[in-house]
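Letter by letter, the chains look like this.
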Amino acid sequence: MVNKIIAAVQSVIFNRRFLIGVIILLLLMPSLFYAAEWCKELESTTSPLQQSFCEYLIEERPVNGAVLLSFTQMFILIILASNWNLTGGFSGYIDFGHAVFFGLGAFGTALLMGSSRWEEWPAFLSGWNFWTAMAGGGVVAAVFAILIGAATLRLKGPYFSIAMLGTLVAMREFVRVNSNISGGGLGLSLPVILNRPFFFYVSLIMMVLVVSLIRWLRTTEFGATLIAIREDEVGAEMRGINTTLHKITAFTIAAALTGMVGGMWAYQNTFIDVNIAFNQNRTIDMVMMTMLGGIGTVAGPVIGSAVIYWLRDVVWANFLLYHQIFEGILLIIIVLFVPEGIMGIFKKEDSGTSLFGVIRGWGRKSARQGSPQGSPTE
Amino acid sequence: MDFSELLIQTLINGILIGGLYAVMMLGFSVIWGVMGVINLAHGDFLMVGAYMTWVLNKQYGWEPFLALLLVMPAMYLLGWLTQKILINRIIERPHLVALLVTYGLGIAMANTVKLIYTADPRITTTRFSGFWQYGEIVLPITKTLVLVAALIIMVGLFLLLRNTNLGKSIRAAAQNKEAARMVGIEIDRVYAITFGICLALTGAAGMMLSPLGSITPYMGAAWTLKAFAITAMAGLGNIPGALLGGMLLGLVENLLATFVPTVGSHIGITSSFALLVIVLVARPQGLFGGLRAPQEIR
């Protein structure tokens, strides 16, 4: 019975037509926002139908700025989690410092858009428009990823994780002390823009592109190589694969996309400083959302981010002080009991690690051999 | 103060802080060496120890160094419980599981402390403040006492590991778990006690830290990083190496703070990170050897 329901849900959710329909609905969503604006300016209505529609839109505001902002935040989280999954899930290198690329992208974009507080900041590196500045932020993050990845990606397993955690902490301090770049305690202010639908569209399109890109990468030889590195790095090397090159490439792609999202977020936020741009909670979000959805799968980060974001918005907004404690505990629970995440439900064979594995016991005795991504170092 | 005196002063400060670093990292490296668990919540346990001291100091007027008598047993109990409830279930799993679980544990602890005591920076006040002065060179009394306490604790740990039956069991469990089990060592019990002892050390380090610098709920990550950097230099569970590595990091940080103008005091954490990556990339077996190759970690 349960299996049939799962199969039915699966056939709906992973149907291409369903996904395209969802995307089209999301694309149409801001039209209600615009319609409400249009109704406000309308002086006299021509038909009773139009009048009742306009009254509904103005009084209820089904799609107001806050709703669009919520969705934008969710899309951003989905992109971040998907990017994290590219290194963490596919190549098995758990990155506890991925937020560093977000921060670098945010600062890169802000500086390129001309918000530097430093008089000697070169003129040709400021006053760029949003699109080129966002791309610039991505380039900054990518260059940093190549440099840092060349060193840290040679480290295995936990060494890499800690080195990246160190990268985040060290980079945050480095940017903080260079106050002519970071603006010191004042932070940086970007050109103010209050256009919710614009960011909604940018983040939605970016999300669709990023998830499609990762889905495509997964099917290519490159994606297969990453999986091979995750499963058996020494073996992959013996087959003649240049593992370091592949790891750095994946890492750089993830970093560049994360940097661009950071840039977009900075523009939307109109203000950044070191503490919010290099916030460690962002790494926690990425890790937790990917783990909940299912690490190493394309759809996992999307599902996990959507679930956690709405949980946070709807449920945990009422327990603001406690929600980070909950999230830490939730991460432990996910890792211990449902290491395959929500996507584990949709696996054909019952490996004992699906969501229903929760009731089966308190971790240790159920003898799960290996986590879903295997053991990166064995 | 001329250059040579400034240099001597800097070296003294680095060596004095090295004792704290050594005790701080021993908890981390012994847990890693014995159980193969990399405890990302290490810095947060340190923070808990520091806050315990702060509460005893501010609300009950205890002398921080005296608070060790209560902080260490309390942290031992916390470690014993954590091991029994959580860590015991993840030891057999891939190392990734341990990383993620301890990461989540750290987040939960840091935010719990933040909820109770807010995010304001705190500091304890000790009666043993002031300094001894020799010419231009000063020797802060608090830091000297911290080094002495650290040395006493390290000697205690050294003797415990070397001479007692418990220490032998711990070392046996670290070397070969199955063989240790075969000769009748209760591995679960030894692990729980080891975790407790390590957290007691960490709590002691938290106490030593509390009068020296401000403590905040979110300082954990930086300290985990420092512990990892020193472990990379010293190797796992190597007590003399820990002292040497701790002093090396202390020296590097203090030299940077003194001789790099204006920004030096802020980039201490950057230096420990740079040290870590350089050591790991150049010598994956650790600076003095004794770091387990990643392949051997479960």
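Residues numbered from 1 in each chain as written. Chains lettered and ligands numbered in written order. Predicted model: local features only at pLDDT ≥ 70, side-chain atom pairs only at ≥ 80, totals over all residues.

A. Representation of the overall build of chain A. Of regular secondary structure, chain A possesses 16 helices and two strands. Compactness check: chain A gives a C-alpha radius of gyration of 22 Å against a globular reference of 21 Å for 378 residues, within 12% of the reference. Principal-axis analysis of the C-alpha atoms places the extent of chain A at approximately 75 × 65 × 40 Å. Counting contacts in chain A only where the partners sit at least 6 residues apart, residues at least 24 apart contribute 76% of the total. (Helix = DSSP H or I, 4+ residues; strand = E, 2+ residues; numbered from the N terminus. Rg over C-alpha atoms; globule rule 2.2 N^0.38 Å. Contact = placed C-beta atoms within 7 Å.)

B. Local environment of the overall build of chain B. Counting secondary structure elements, chain B contains 11 helices and two strands. Ordered by position in the sequence, the α and β elements of chain B form the string α-α-α-α-β-β-α-α-α-α-α-α-α. A compact globule built from 298 residues would reach a C-alpha radius of gyration of about 19 Å, and chain B, at 19 Å, matches this within 12%. Counting only C-alpha atoms and orienting by the principal axes, one finds that chain B spans roughly 65 × 45 × 35 Å. When burial is assessed residue by residue, chain B has 53% of its 298 residues classed as buried. Partitioning the contacts of chain B with sequence separation of at least 6, the portion at a separation of at least 24 is 77%. (Buried ≥ 20, exposed ≤ 12 C-beta atoms within 10 Å, placed from the backbone.)

C. Up close: the pairing of strand β1 (residues 131-134) of chain B. Residue and element names in this part refer to chain B. Here β1 pairs with strand β2 (residues 137-140) via four bridges, running antiparallel. Its bridge partner lying in β2, Gln133 is registered against Val138. Here β1 folds back onto β2, and the loop between the two strands holds two residues, one of which, Gly135, carries a positive phi near 65°. (Pairing = 2+ DSSP bridges.)

D. Region of the structure containing the confidence of the model for chain B. Residue and element names in this part refer to chain B. Across chain B, the average pLDDT comes to 85, with 92% of residues at 70 or higher. Low pLDDT, under 50, characterises residues 293-298; the predicted model gives this stretch 16 contacts beyond four residues in sequence or across chains. Interface confidence for the predicted complex, expressed as ipTM, amounts to 0.82; the pTM equals 0.81. (pLDDT = per-residue confidence, 0-100.)

E. Seen up close, the packing of helix α4 (residues 65-90) of chain A against helix α9 (residues 196-219) of chain A. Residues and elements named next belong to chain A. Interhelical geometry of α4 versus α9 gives an angle of 25° and a closest axis separation of 9 Å. Taken together, α4 and α9 sit at an angle that is classed as roughly parallel. In this structure, α4 crosses over α9, and the sense of that crossing is left-handed. Facing Gly65, Leu68, Leu69, Phe71, Thr72, Phe75, Ile76, Ile78, Ile79, Ser82 and Leu86 of α4, the residues of α9 in contact are Arg196, Pro197, Phe199, Phe200, Ser203, Leu204, Met206, Met207, Val210, Val211 and Ile214. (Axes fitted to C-alpha atoms, helices over the stretch in contact; angles between N-to-C directions. Parallel < 35°, antiparallel > 145°, perpendicular 65-115°, else oblique. Left-handed = near helix turned anticlockwise from the far one by under 90°.)

F. Highlighting the interface of chain B and chain A. On the side of chain A, 44 residues touch chain B, which itself brings 36 residues to the contact. Those elements that place two or more of their residues in the side of chain B that touches chain A are α4 (95-117), α9 (220-234) and α11 (268-282) of chain B. Ranked by the residues each element gives to the side of chain B that touches chain A, the list is headed by α4(B), at 14 residues. Of the residues belonging to the side of chain B that touches chain A, the class tally is 26 nonpolar, seven polar and three charged. (Nonpolar A, V, L, I, M, F, W, Y, C, P; charged D, E, K, R; others polar.)

G. Fine view of unusual backbone geometry. Non-glycine residue A:Thr270 carries a positive phi angle of around 60°. Mapped onto the secondary structure, A:Thr270 falls in the loop between α12 (243-269) and β2 (271-272). Positioned with a positive phi, B:Thr118 is a non-glycine residue whose angle comes to about 60°. With respect to the element layout, B:Thr118 can be found in the loop between α4 and β1. For B:Thr118, a count of 10 C-beta atoms within 10 Å corresponds to the exposed category.

H. Representation of the packing of helix α7 (residues 157-177) of chain A against α9(B) in the model. Where α7(A) contacts α9(B), the two axes come as close as 10 Å, and the packing angle between them is 130°. It follows that α7(A) is oblique to α9(B) by the angle criterion. As α7(A) runs across α9(B), the sense of the crossing is left-handed. On α9(B), the residues that touch A:Ile162, A:Leu165, A:Gly166 and A:Val169 of α7(A) are B:Ala221, B:Ala222, B:Leu225 and B:Phe228. Partitioned by chemical class, the residues of the contact of α7(A) with α9(B) number seven nonpolar, one polar and no charged.

I. Spatial organisation of the nonpolar core. All names here are of chain B. Core analysis: the largest hydrophobic core is formed by 200 residues, its most contacted members being Leu20, Val23, Leu100, Leu201, Ala204 and Leu276. For this core, the leading source of residues is helix α1 (residues 3-35), giving 15 residues. If we skip the residues at most four places from it in the chain, Val23 touches Ala150, Ile153, Met154, Leu201, Ala204, Ala205 and Met208. (Core = buried A, V, L, I, M, F, W, Y, C linked by C-beta atoms within 7 Å.)

J. Structural detail: the environment of B:Val97. Residue and element names in this part refer to chain B. Its location among the elements puts Val97 in helix α4. Residue Val97 is classed as buried on the basis of its 23 C-beta neighbours within 10 Å. Along the sequence, Val97 and Val37 sit 60 residues apart, while their C-alpha atoms lie 9.4 Å from each other.

K. Highlighting α9(B). Residue and element names in this part refer to chain B. The end-to-end C-alpha distance of α9, which contains 15 residues, comes to 21 Å, matching closely the 21 Å that a straight helix rising 1.5 Å per residue would cover. Taken across its 15 residues, α9 has 15 buried, putting it largely inside the fold. Downstream of α9 by a residue or two, Gly235 has a phi angle that is positive, lying close to 90°. (Expected span 1.5 Å × (residues − 1).)

L. Highlighting the confidence of the model for chain A. Looking at chain A as a whole, its pLDDT mean stands at 82, while 90% of the residues score no less than 70. Counting interchain partners and residues more than four positions distant, the pLDDT-below-50 stretch residues 350-378 of chain A has 59 contacts.

M. Quick look at the environment of A:Ala236. Residue and element names in this part refer to chain A. With respect to the helices and strands, the residue Ala236 is situated in helix α11 (residues 233-238). Put simply, Ala236 and Asp95 are 141 residues apart on the chain and 21 Å apart in space, counted from C-alpha to C-alpha. Sequence-distant contacts of Ala236, defined by excluding residues within four places in its chain, comprise Thr225, Ala228, Ile229, Ile241 and Thr243.

N. Just the environment of B:Ile123, in detail. Residues and elements named next belong to chain B. Relative to the elements of secondary structure, Ile123 occurs in the loop between α4 and β1. A residue is classified by how many C-beta atoms lie within 10 Å of it, and Ile123, with 16 of them, is partly exposed. The spacing of Ile123 and Leu209 is 86 residues in sequence and 9.0 Å in space, taken between C-alpha atoms. In contact with Ile123, other than residues within four places in its own chain, are Ser210, Pro211, Ser214 and Ile215.

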